[in-house]
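# Architecture at a glance
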Amino acid sequence: MKVSIGRMIANLGARGRALGNRFAWWSRWFPPAPTVDAERFRGADEPYPDHWREFPRPWPAANALEPEALKAALAALPDPWRRVVILRDIDGRPPGEVSAATGLTAEQQRDVLNRARELIWEELGRGLEPDRGGS
Amino acid sequence: MITKDAATPRTLARRLLPLQIGVALQGLILWVPIEKLFMTQIGFDAATVGVMAAAYAAVVPLLEVPSGILADRWSRSWILILGCVALMLSSLIGGLSRNVIAYVIAAMVLGIYFAFSSGTVDSIVYDTVLEETGSNELYETWIGRIRAVESAGFVLSSLAGGVLAQYTSTRFTYFATIPLIGLAIIGFLRFNEPRLHQAAERVSLRSHVALTFRTMITSRAVVGVLLLVATAGLLSQAVFEFGPLWLVALAAPAVLYGPYWAVLVSTLGIGGLLAGKLHVERRLMLAMLIILSLATALLLTWTRSLAVLVAAQVVLALVLAIVAIHASRLLHDAVPSSIRAGVSSGAGTMTWILFLPFSLVFGWAARENGVHWSGFMLAGAVVVVAVLLVVSVRASRGAAPVEVALTAKEEAVEVSQRAQELACKQLVELVADYLDDALSPEMRAKFEEHISGCDGCTIYLSQTQRIIAELKDLSPLPDNLEAPRTERA
């Protein structure tokens with residue numbers, strides 16, 4: 001019930017912008033933010049929509065990931081994300097404990113982890129292939 | 001379908017508090033309720049009010065794109081602060097002005113404030129929620145709270161402004177606004193803004209506009225709804241902009257403007273609540289709304305009673321709020337989520353563009369024949385809205401309603417269910433859930449089926465697993481990488 005009232009007010013807020021009155025807002029809707037950059041996937045009007053435009057490049061075999069590069073990628077994360085990654089992936093704490101420490105539900109932790117890991121993945125991928133990183 | 005009661009983490013509420021305070025203070029624009037009264041005092045007539053409205057209607061769309069780019073490239077908090085500075089400057093120029101030209105300049109500076117503040121708070125809230133929770137699910141809840149705080153500021157300032165004008169002067173309300181906006185700046189300065197541009201890349205406004213035009217050309221259903229949204233917006237804006245002129249014509253006392261404006265502004269909120277309850281798509285309700293709006297618009301053309309006049313304007317504003325909300329729902333139903341932003345921007349731009357000539361003609365007609373006569377222009381616009389509404393509602397009957405905003409994960413699940421298969425773009429949203437064993441058996445089967453046949457996703461999944469494995473090896477971490485402000489639970 002609380003959520004639905006919140007949504008209703010929010011919809012009013014967002015849609016109220018279309019009212020265009022002097023104190024209403026400029027209309028800008030936000031499509032859901034994709035985890036991986038949408039540019040990496042084929043568009044709706046291309047063959048195989050939503051499939052990789054270009055497969056991710058394979059990484060060199062084991063132990064080629066530099067801990068320094070990984071730390072740099074970790075440092076580049078937004079603070080709340082880095083915190084969750086440290087607790088869950090590095091310290092290996094279970095979701096329940098992380099919930100107590102951060103206030104994030106297990107579901108929210110997974111959402112954060114998915115995005116954070118993807119950012120690290122992009123960052124490492126750039127480091128491994130310097131010629132592709134420029135664009 | 002993933003359903004859950006999303007909880008707000010403590011840090012999110014704490015982080016958004018300064019923003020809420022800033023937004024509330026920014027809403028305390030004391031001169032808004034008595035603006036039209038003040039304008040007539042310094043020599044405006046209906047026609048020049050129209051010119052003034054057209055002047056800022058022209059500024060806003062011009063500055064919208066540059067301010068949006070600036071906000072994304074530089075800092076959104078600072079764009080809000082610049083908007084506040086423009087608002088303070090506009091209040092100062094407005095308060096000092098003794099003739100039409102000076103006040104039109106103030107109105108154009110106000111246009112800068114509109115352009116800078118519009119959409120900026122939304123994107124800040126969106127990115128903050130994403131940074132704190134990893135998902136946009138709580139966005140609607142929080143933008144709703146912030147809009148509620150903002151509306152409370154508007155209502156409060158409406159009441160306070162009218163009283164202040166009665167006991168001091170209309171001019172004083174302009175100067176009294178300046179320190180309040182200054183306090184809002186302090187709130188925005190204390191806000192820790194999200195810096196997530198690389199992860200939460202929004203579609204650029206230019207591509208929104210390009211997509212909008214493509215949609216407008218290819219889809220006739222969208223064109224009709226778009227016109228409906230724009231004309232309903234135009235009409236609503238006209239009521240807010242020119243409504244006070246009726247009060248001026250009847251020589252209403254200054255103290256009445258505050259409550260009048262407060263009630264008028266509150267129709268936006270009440271209309272929003274009602275729109276969720278009423279079934280606008282039903283014939284009877286549709287007919288009632290149309291008759292009500294037409295009757296109130298016509299009432300405005302001949303009544304000389306202040307009470308009837310205010311009641312008519314409030315009812316008209318309320319009906320328009322309901323219609324506008326239903327219209328934008330139709331619009332969102334008619335376009336896929338990927339171009340929703342672009343199409344909505346197009347509707348907003350169209351409203352401003354339509355409003356520009358409308359306000360000029362309205363002002364001119366009001367001066368030549370009295371503001372009551374130009375009420376016929378409102379009635380004419382009501383007829384246009386009614387026709388478009390009937391056409392759009394009829395076209396939409398039978399179409400399945402669409403959830404307004406989905407999280408990326410919810411959308412991925414829904415898309416894959418509709419398409420009967422999981423595509424790569426949707427799979428990447430579900431990797432963390434897969435690794436945590438949180439997928440439904442059905443989704444898990446789809447996930448594994450896709451992975452077994454797709455080299456790209458196999459690489460992505462194995463690289464993600466490798467990242468997780470190597471992260472584990474980093475433990476224990478050096479201090480400089482520890483999360484800041486570790487709290488005790």
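Structure: above.
First, a word on what this report is: a plain description of the structure on this page.

Parameters and conventions
- Residues numbered from 1 in each chain as written.
- Chains lettered and ligands numbered in written order.
- Predicted model: local features only at pLDDT ≥ 70, side-chain atom pairs only at ≥ 80, totals over all residues.
- Heavy atoms only, no water.
- Helix = DSSP H or I, 4+ residues; strand = E, 2+ residues; numbered from the N terminus.
- Buried < 20%, exposed > 50% of the residue type's maximum accessible area, 1.4 Å probe, protein only.
- Areas by Shrake-Rupley, 256 points an atom, 1.4 Å probe, with all protein chains shown as cover.
- Contact = heavy atoms within 4.5 Å.
- Polar contact = N/O pair within 3.5 Å; in protein donor to acceptor, adjacent residues only side chain to side chain.
- Core = buried A, V, L, I, M, F, W, Y, C linked by side-chain atoms within 4.5 Å.
- Disulfide = S-S within 2.5 Å.
- Expected span 1.5 Å × (residues − 1).
- Bend = angle between axes of the 7 residues up to and from the residue.
- Phe/Tyr/Trp six-rings, centres within 6.5 Å; stacked < 30°, edge-to-face > 60°.
- Lys NZ or Arg CZ within 6 Å of the ring centre and 35° of its normal.

### Notes on the overall build of chain A
In terms of regular secondary structure, chain A is built from 6 helices and 0 strands. Starting at the N terminus and walking to the C terminus, you meet the elements of chain A as α-α-α-α-α-α. Expressed as a percentage of the 135 residues in chain A, the buried residues total 54%. Within the structure as shown, chain A displays about 5800 Å² of accessible surface, and the carbon and sulfur contribution to it stands at 55%.

### A look at the overall build of chain B
Across its full length, chain B carries 20 helices and 0 strands. Burial analysis of chain B (489 residues in total) assigns 57% to the buried set. Pairs at least 24 apart in sequence give 81% of the contacts found in chain B among residues at least 6 apart. On chain B, roughly 19700 Å² of surface is accessible, and the fraction owed to carbon and sulfur atoms is 65%.

### Quick notes on unusual backbone geometry
Residue and element names in this part refer to chain B. The backbone of Ala251 shows a phi angle near 55 degrees, a positive value even though the residue is not glycine. Residue classification places Ala251 among the exposed positions, given a relative accessible area of 63%. If you check the backbone angles, Asp437 has positive phi at about 60 degrees while not being a glycine. On the secondary structure map, Asp437 appears in the loop between α18 (431-435) and α19 (441-453).

### Structural notes on the environment of Ala75 of chain A
Counting through the fold element by element, Ala75 of chain A comes out in helix α2 (residues 67-75). Sequence-wise, Ala75 of chain A and Leu119 of chain A are 44 residues apart; in three dimensions their C-alpha atoms are separated by 11 Å.

### Re the side chain of Ser75 of chain B
Residue and element names in this part refer to chain B. Along the polypeptide, Ser75 turns up in the loop between α3 (46-73) and α4 (76-96). With a relative accessible area of 4%, Ser75 lands in the buried category. Polar contacts involving the side chain of Ser75 include one to the main-chain amide nitrogen of Ser77, which spans 3.4 Å. Within the structure, the side chain of Ser75 is placed 3.1 Å from the backbone nitrogen of Trp78, a separation counted as a polar contact. When sequence neighbours within four positions are dropped, the list of residues in contact with Ser75 reads Leu70 and Glu193.

### A look at the nonpolar core
A general tendency of soluble globular proteins is for nonpolar side chains to be buried together. Leu19, Trp31, Phe44, Tyr103 and Val125 of chain B are the most contacted members of the largest nonpolar core, which has 124 residues in total. In terms of residue count, the dominant contributor to this core is helix α10 (residues 220-249) of chain B (16 residues). Core analysis: the second largest hydrophobic core is formed by 40 residues, Trp81 and Trp121 of chain A together with Met443 and Phe447 of chain B among them.

### Considering the state of the cysteines
All names here are of chain B. Summed over all chains, the structure comprises 0 disulfides over all chains. Cys454 takes part in no disulfide bond, and the closest cysteine sulfur, belonging to Cys457, lies 3.7 Å away. In this structure Cys457 comes out as buried when scored by relative accessible area, which is 0%.

### Remarks on helix α1 (residues 10-26) of chain B
All names here are of chain B. The terminal C-alpha atoms of α1 lie 25 Å apart, and with 17 residues this matches the ideal 24 Å at 1.5 Å per residue to within 8%. The largest bend in α1 is about 35 degrees, located at Leu17, with the proline Pro18 one to four residues further on. Taken together, the buried positions of α1 are occupied by Thr11, Leu12, Arg15, Leu16, Pro18, Leu19, Gln20, Gly22, Val23, Leu25 and Gln26.

### Remarks on the packing of aromatic side chains
Residue and element names in this part refer to chain B. Summed over all chains, the structure comprises 19 aromatic pairs over all chains. Look at Tyr103 and Tyr174: their rings are 6.1 Å apart centre to centre, the planes differ by 85 degrees, and that puts the pair in the edge-to-face class. With a gap of 71 residues between them, Tyr103 in helix α5 (residues 100-117) and Tyr174 in helix α8 (residues 170-189) connect regions that are remote in the sequence. Accessibility assignment for this pair places Tyr103 and Tyr174 in one class, buried. Arranged with centres 5.7 Å apart and planes meeting at 85 degrees, the rings of Phe240 and Trp261 form a pair that is edge-to-face. Here the residue Phe240 occupies a position in helix α10, and Trp261 occupies one in helix α11 (residues 254-277), the gap between them amounting to 21 residues. An aromatic cluster of at least three residues, connected via ring pairs, comprises Trp31, Phe38, Phe44, Tyr103 and Tyr174. Here the basic side chain of Arg145 rests over the ring of Trp142, its NZ or CZ set 4.5 Å away from the ring centre.

Coordinates in, geometry out; function isn't part of it.
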